[in-house]
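Chain by chain, the residues run as shown.
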Amino acid sequence: MPDAFFASSKKRKRLLQGGGSRGGTSSGASRKAARTKNHAQGKKPASKKRDEELESDGSGSDIDDMDLRAEAVDSQASDTEELRNETPAEKRLRLAKIYLESVKEGLAEGEFDAAEIDRNIISARLKEDVLENAGKTHIFIASSLSLTNPAPSCLRLKPHRMTVTSAIISNDATRLYTAGKEGGIACSDVVTGKRLSYTPKLRPQAHNKAIRRKGKGKAPVDGNGHSDEIFALAISGDGKYLASGGKDRKVCVWDEKKLVWVKEFVGHKDGISGLSFRKSTNMLYSSSFDRTIKLFDLSPGVMGYVETLFGHQDSITGLDSLKGDTAVSTGGRDRTVRFWKITEETQLVFRGGGSGKSKLRDMLETGIEDEEEAEAEKKKKKGAENERWIEGSVDCVAMVDEQTFISGGDSGSINLWSINKKKPIFTWTTAHGLEETESTTEGTLRRPRWIMSLTCLRYGDMFASGSWDGHIRLWKLDPSLRSFARLGLLPVPGLINSLQLTLIPKEWTCDDAWPRPREPQPEPLLNVKSRSGSEGVLLVAAIGQEPRLGRWTKLKGDGVVNSAVIFSIRNLASNT
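Presented here is an overview of the structure given in this document.

Rules used in this analysis
Residues numbered from 1 in each chain as written. Predicted model: local features only at pLDDT ≥ 70, side-chain atom pairs only at ≥ 80, totals over all residues. Heavy atoms only, no water. Helix = DSSP H or I, 4+ residues; strand = E, 2+ residues; numbered from the N terminus. Buried < 20%, exposed > 50% of the residue type's maximum accessible area, 1.4 Å probe, protein only. Contact = heavy atoms within 4.5 Å. Areas by Shrake-Rupley, 256 points an atom, 1.4 Å probe, with all protein chains shown as cover. Pairing = 2+ DSSP bridges. Axes fitted to C-alpha atoms, helices over the stretch in contact; angles between N-to-C directions. Salt bridge = Lys/Arg side-chain N within 4 Å of Asp/Glu carboxyl O. Polar contact = N/O pair within 3.5 Å; in protein donor to acceptor, adjacent residues only side chain to side chain. Phe/Tyr/Trp six-rings, centres within 6.5 Å; stacked < 30°, edge-to-face > 60°. Lys NZ or Arg CZ within 6 Å of the ring centre and 35° of its normal.

1. Remarks on the overall build of the protein chain
For the protein chain, the helix and strand inventory stands at 9 helices and 30 strands. Taken across its 576 residues, the protein chain has 43% of its residues classed as buried. The long-range fraction of contacts in the protein chain, counting pairs at least 24 apart against all pairs at least 6 apart in sequence, stands at 56%. As displayed, the protein chain offers around 33,400 Å² of accessible surface, 50% of which is attributable to carbon and sulfur atoms.

Shown next, in the form of C-alpha cells:
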C-alpha cells in the first residue's frame, strides 16, 4: 500500500474519452447552468470571451473535449516537415526553381519575351555559373574588341607628384584609386578625372625627431596610415574595403568609399610587395620581401590574421588569386612560381630560368646525341630570331583560371603554365622587344626589356603586359589554353608599374566624356557579337618614370609622365 505520508487530500481528475471527470462529479450542463445563474445575478463570468463563443452554439459539450488547436497549421512548421520528407531529386528541382527565379529577377526591367529569356539568357547564365564554379575560362571577348577603328577612348590622370606604383578601379567603375612613391593614396572620379580625396603620408612630429638617435632607424610616427612608399592596392569583392601595403611593413585597411582608415595589420618583417583579395570574399593575401605570404580575414566580426605561408627562397615580387582557395606567387631571384593550395597546406613549385639548363640535365632528359647533330642544332638556335635569354628573375604573375597562369621576368619572355605540367605550355620570347645600348668597350649591347607587369581578365581569354617600350601589349589566349597570340598595342610612354583588366559594367557611360581619338567612323559591322555578352573591357595602368620596386633606371622626355591611364575598349557590336 502507498504510504499515507505521500497521500494527497486533493482529488485528482483523470479525463475520460467522454470528456468528463472520473466518477462523473460534474458535467458540462451543470457548469453551463452555474454560469447562467452567475450572469443573471450580475457577476462577471470567469471564462474568457473565446470560451463564450465556443459555447454559444448550444451544444452541451465540455471544454475538455474541445480541440483548442488553431485550424491553420503554422506555415514554417509545415514547410519544415515537407523539406524533411522530400527526396534528393525533389530537393534539386526545388533549388533549381529558386535559382531560375533569382536569375529572372536580376534581369533588366521592362518588356521582354519570356521564351527568348529561357532560351538565351538563362541558359548562358547557367553555363557561365557552372564554368565559374569549376574554375574554368568562360569569358570569350578578345575577338570582338575594337582596337584600331575606332581606337579606345582614354582618360589620363595625374594624382601624384612622384611615380605611380599601383592603380585599381572600383567594382562599379566610378572611382579610381592610385598610390605613389610619396606615400599617399588618391581617389579620383572616373568621369571628370578630378581628385576626390587624398590620404597623405604620415610624417614624424617634432618631439619624435628628438627621440631618434643619430644614424639609427627612423623617427616614430603617430597616426593611422602609411609612413613610407606604397607598393600595392587591392579592393575586396563586396567593394567595402580597400587594402594597401608598402615599405613600412604594414597592411592598412580603408573604407573604400570614404577612404577612411579602418584597421592595420603588422607582422611582416619587410616591405609589402603585393596584395590580392580572393574573388567574392573578404579573404586578403599579402606578399612581402620577407619571403612569406600572410592571410587575413576581413569578414565582419573576424577582422584578423589567419596564417602564414612559407616556401620562397627570395623576396616575393608578384601575387595573384581568383575565386578558389588558392594563390600563385613569384619568388624573384629564386626563379620559381609557386601555386599555393591553402586548405590542403601544400604548394606546387614551377621553376623558370629560360634556356639556362645545364648540359647534364639535357643529357638526362634527352639522352646523348651525336656531336655533329648537337653542334648543328646549336648553330640553328643561335641564328634564330626568337633567341632565348636566360631568366634570372621571375617578377610578375597573373591567373587565367584556377588551373592556368602566366608569368614574366627579366628575360623578356611570357610563359603560359598549367598546374598539370612542370614546364611552360607555351613561351613567347622577347615580348616587348630588345633594347640597344652603346658601350665604349663592347660596342652595341642588346638586352630584352623586362616584363614589369601582367594582368589577365579573370576567367577570360585575354591578358595585357607592360614594360618600357612605349606600349601596353594585349594578347589573346587560344580557347584550349595551349598558346596565345598578339592582339594589339596601346601607346603609353613610361614604365608600366601595374595593370588591371575588368569588364565594363552594364549601362556604364562614364567614358562618354573622355577624349576620343580623331579617326574616321567605322563601317557598320554585321553579326559581330561577344560570346560573353559584355560591352567591353577597361584597362587601368599605373605609369611612372621609375620602377615600382626600385630606382635602377629613370625615363625622361618623350611624354613620360607620372600618371594613371584608363582605356575603355568597347565591343565592335556596341560601337555600331
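2. Quick word on the sheet that holds strand 26 (residues 471-477)
Two strands in a sheet stick together by hydrogen bonds in their backbones, pointing the same way (parallel) or opposite ways (antiparallel). The 4 strands are arranged 24-25-26-27 in an open sheet whose pairing can be described as antiparallel. The sheet is open, and its two edges are formed by strand 24 (453-456) and strand 27 (484-491), each paired on a single side. Averaged over all neighbouring strand pairs, the angle between strand axes comes to 20°, with direction disregarded. Summarising the sheet, strand 25 (residues 462-466) and strand 26 pair through 5 bridges and their orientation is antiparallel. When the bridges of strand 26 are listed, Phe463 appears paired with Trp475.

3. Section: the pattern of salt bridges
The final tally for this structure, using the stated rule, is 13 salt bridges. One salt bridge in this structure joins Arg175 and Glu256, with 3.0 Å as the shortest N-O distance. Of this pair, Arg175 sits in strand 3 (residues 175-180) while Glu256 sits in the loop between strand 8 (251-255) and strand 9 (261-265), and the two are 81 residues apart along the sequence. Assessed through its relative accessible area of 2%, Glu256 is described here as buried. Asp511 serves as the salt-bridge partner of Arg570, at 3.0 Å between the closest nitrogen and oxygen. Note that Arg570 is positioned in strand 30 (residues 563-570) and Asp511 in the loop between strand 28 (495-503) and strand 29 (536-544), a separation of 59 residues in sequence. Accessibility expressed as a relative area gives 13% for Arg570, which makes it buried. The class of Asp511 is buried, set by a relative accessible area of 0%. Salt bridges linked by common partners bring Lys181, Glu229, Glu546 and Arg551 together as one network.

4. Things to note about the environment of Ser563
Inspection of the secondary structure assignment puts Ser563 in strand 30. Judged by its relative accessible area of 0%, Ser563 falls in the buried class. Ser563 sits 405 residues away from Lys158 along the chain, and the two C-alpha atoms are 4.5 Å apart. A polar side-chain atom of Ser563 sits 2.8 Å from a polar atom in the side chain of Arg156.

5. Quick look at the sheet that holds strand 30
Taken together, the 4 strands give an open sheet; going across it, the order is 1-30-29-28, and neighbouring strands pair in antiparallel fashion. Lying at the two open borders of the sheet, with one neighbouring strand each, are strand 1 (153-157) and strand 28. Strand-to-strand, the axes of this sheet are offset by a mean angle of 15°, without reference to chain direction. Sheet topology note: the strand 28/strand 29 ladder contains 8 bridges and is antiparallel. For Ile496, the partnering residue across the bridge sits in strand 29 and is Ile543.

6. Notes on the packing of aromatic side chains
A complete count under the given rule lists 17 aromatic pairs for this structure. Taking 6.1 Å as the distance between ring centres and 65° as the angle between the ring planes, the aromatic pair formed by Phe296 and Tyr305 counts as edge-to-face. For Phe296, a relative accessible area of 2% gives the class buried. A residue is classified by how much of its surface remains accessible, and Tyr305, at 47% relative accessible area, is partly exposed. The rings of Phe426, Trp428, Phe463, Trp475 and Phe484 are connected pair by pair, giving a single aromatic cluster. Taking the ring centre of Tyr198 as reference, the NZ or CZ of Arg195 above it sits at 4.4 Å.

7. With respect to the pairing of strand 10 (residues 272-277)
Burial of strand 10 is extensive: 6 of the 6 residues sit out of reach of the surface. In sequence, strand 10 turns back onto strand 11 (residues 283-288) through a hairpin of 5 residues, with Ser280 there showing a positive phi of about 65°.

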